[in-house]
Every structure is written in structure tokens, then in C-alpha cells.
Amino acid sequence: QVQLVESGGGLVQAGGSLRLSCAASGGTFSDYNMGWFRQAPGKEREFVAAITWSGAETYYTNSVKGRFTISRDNAKNTVYMQMNSLKPEDTAVYYCAAVSAYSSSWPLSRTYTYNYWGQGTQVTVSS
């Protein structure tokens, strides 16, 4: 079993930045593809970004391209998401998720692909 714990959320003004972290334990981190999703009140959980087990490939939803950067440090069992130029519409609970790279781990943009989820961290962007 993989446990995921997110941190780094908070309240920030529009145009500001935050860096989210997701620490993993209970498995071999480098065996997992990782994703970030978000859920705003009254909306479905949506894909934000994903990164493959080696970090060689990254994927983003269109609304965050050029503003958010996903990365990972396999030595620290942690995936990050640097969020710049934040907008009020980025306000949501952000979740990280993991799926074994040895399983059916595609598409990385879908919630049903992932086996493990963190509890989430709140990001609030004020206008």
C-alpha cells in the first residue's frame, strides 16, 4: 500500500505562487506514475498534471500550461507542483495520486487510472 500526504497549500493573492508537495511512503516510489488533480466546490475532480515514473514525460491540462510545473525527486519519494501566476479559478482542493507503472497506468489524465490518493490540500487564490 502506498500512502500519499500532500502539503504546501494555502491562501495566496492572484498572481502569486505556491509549491505543493506530495510525500509517498509504503512502496517503491520510482515504480509509480504520479498525478495531481483538483476539485473545486460543486465540481468534479479534474486532472491538472502528471509525470511518469522516471520524470521523463509530463502532461498538463491546457488551463495550467505555462503556469504550473510538475516534477519529482525519486530519492526523496516526493512529487512537486510549482504553481505560478495563480488565478482565482485555481482555487480548489488539490490531490496527488499514484498508479504503478507496471499496471494499466494510462491515461494519466483520468481519475479511474489511479489506485492511491492523498487526502488533499486546500489552495485558495483571492482576487
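Structure: see above.
Below you will find a few notes about this structure. Please read these numbers as outputs of a predicted model, since none were measured by experiment. Here the residue index of a chain counts from 1 through its sequence in written order. Predicted model: local features are reported for residues with pLDDT of at least 70 only, side-chain atom pairs are reported and counted for 80 or more only, and whole-chain, interface and lining totals are derived from all residues. Hydrogens and water molecules were not included; the side-chain quantities draw on all heavy atoms of the structure.

Attention now moves to the pattern of salt bridges. Basic side-chain nitrogens of Lys or Arg form a salt bridge, by our definition, when they fall within 4 Å of a carboxyl oxygen of Asp or Glu. For the structure on display, the rule yields three salt bridges. Its salt-bridge partner being Arg38, residue Glu46 comes within 2.7 Å of it at the nearest N-O pair. Summary of the burial criterion: residues with accessible area below 20% of their type's maximum are buried, those above 50% are exposed, and those between are partly exposed, where the area comes from a 1.4 Å probe applied to protein chains only. For Glu46, a relative accessible area of 38% puts it in the partly exposed group. Arg38 gets classed as buried once you look at its relative accessible area, which sits at 6%.

Here we come to the environment of Leu20. Relative to the elements of secondary structure, Leu20 occurs in strand β3 (residues 18–25). Residues Leu20 and Pro41, 21 residues apart in the sequence, show an inter-C-alpha distance of 20 Å. For Leu20, the residues in contact, after removing those within four places along its chain, are Ser7, Gly8, Gly9, Trp36, Val79, Tyr80, Met81, Met83, Tyr94, Thr121 and Val123. Think of it this way: any DSSP run of H or I at least four residues long counts as a helix, any run of E at least two long counts as a strand, and we number them from the N terminus. Any two residues whose heavy atoms approach within 4.5 Å are treated as being in contact.

All right, on to the sheet that holds strand β7 (residues 68–73) then. DSSP-based pairing: two strands are paired if at least 2 bridges between them are found. One open sheet holds the four strands; their spatial order is β1-β3-β8-β7, and the pairing between them is antiparallel. Pairing within the sheet leaves two strands with one partner each, and these edge strands are β1 (3–7) and β7. For this sheet the average axis-to-axis angle between neighbouring strands, irrespective of direction, equals 15°. Across six bridges, the pairing between β7 and strand β8 (residues 78–83) is antiparallel. In the sheet register, Thr69 faces β8, and the bridge partner there is Gln82. Fitting a line to C-alpha atoms yields each axis, with helices limited to the stretch in contact; the angle taken between N-to-C directions then spans 0 to 180 degrees.

As a further point, take unusual backbone geometry. Peptide bonds are, in most cases, trans, and in most cases residues other than glycine have a negative phi. The phi angle at Asn77 is positive, at roughly 55°, despite the residue not being glycine. For Asn77, the location among the structural elements is in the loop between β7 and β8. According to the relative accessible area criterion, Asn77 is partly exposed, its value standing at 28%. At Ser85, a residue that is not glycine, the phi angle is positive and equals roughly 50°. Tracing the chain through its elements places Ser85 in the loop between β8 and β9 (92–100). Given a relative accessible area of 41%, Ser85 falls into the partly exposed group.

Let's shift gears to the packing of aromatic side chains. Any two aromatic rings considered together are summarised by their centre-to-centre distance and by the angle between their planes. In this analysis, rings of Phe, Tyr and Trp, with Trp reduced to its six-membered ring, are considered paired at centre separations within 6.5 Å, and the interplanar angle assigns stacked below 30 degrees, edge-to-face beyond 60, and tilted for intermediate values. A complete count under the given rule lists six aromatic pairs for this structure. Considering the side-chain rings of Tyr59 and Trp106, the 6.0 Å spacing of their centres and the 85° angle between planes classify their relative orientation as edge-to-face. Of this pair, Tyr59 sits in strand β6 (residues 58–60) while Trp106 sits in the loop between β9 and β10 (116–117); the two residues are 47 residues apart in sequence, bridging distant segments of the chain. Assessed through its relative accessible area of 29%, Tyr59 is described here as partly exposed. Through successive ring pairs, a cluster of aromatic residues spans Phe37, Phe47, Tyr114 and Trp117. The ring of Tyr95 carries the charged tip of Arg45 above its face, separated from the ring centre by 3.7 Å. Between the NZ or CZ atom of Arg45 and the centre of the ring of Trp117, over which it lies, the distance is 4.9 Å. For a Lys NZ or an Arg CZ to count as sitting over a ring, it must be within 6 Å of the ring centre and within 35 degrees of the ring normal.

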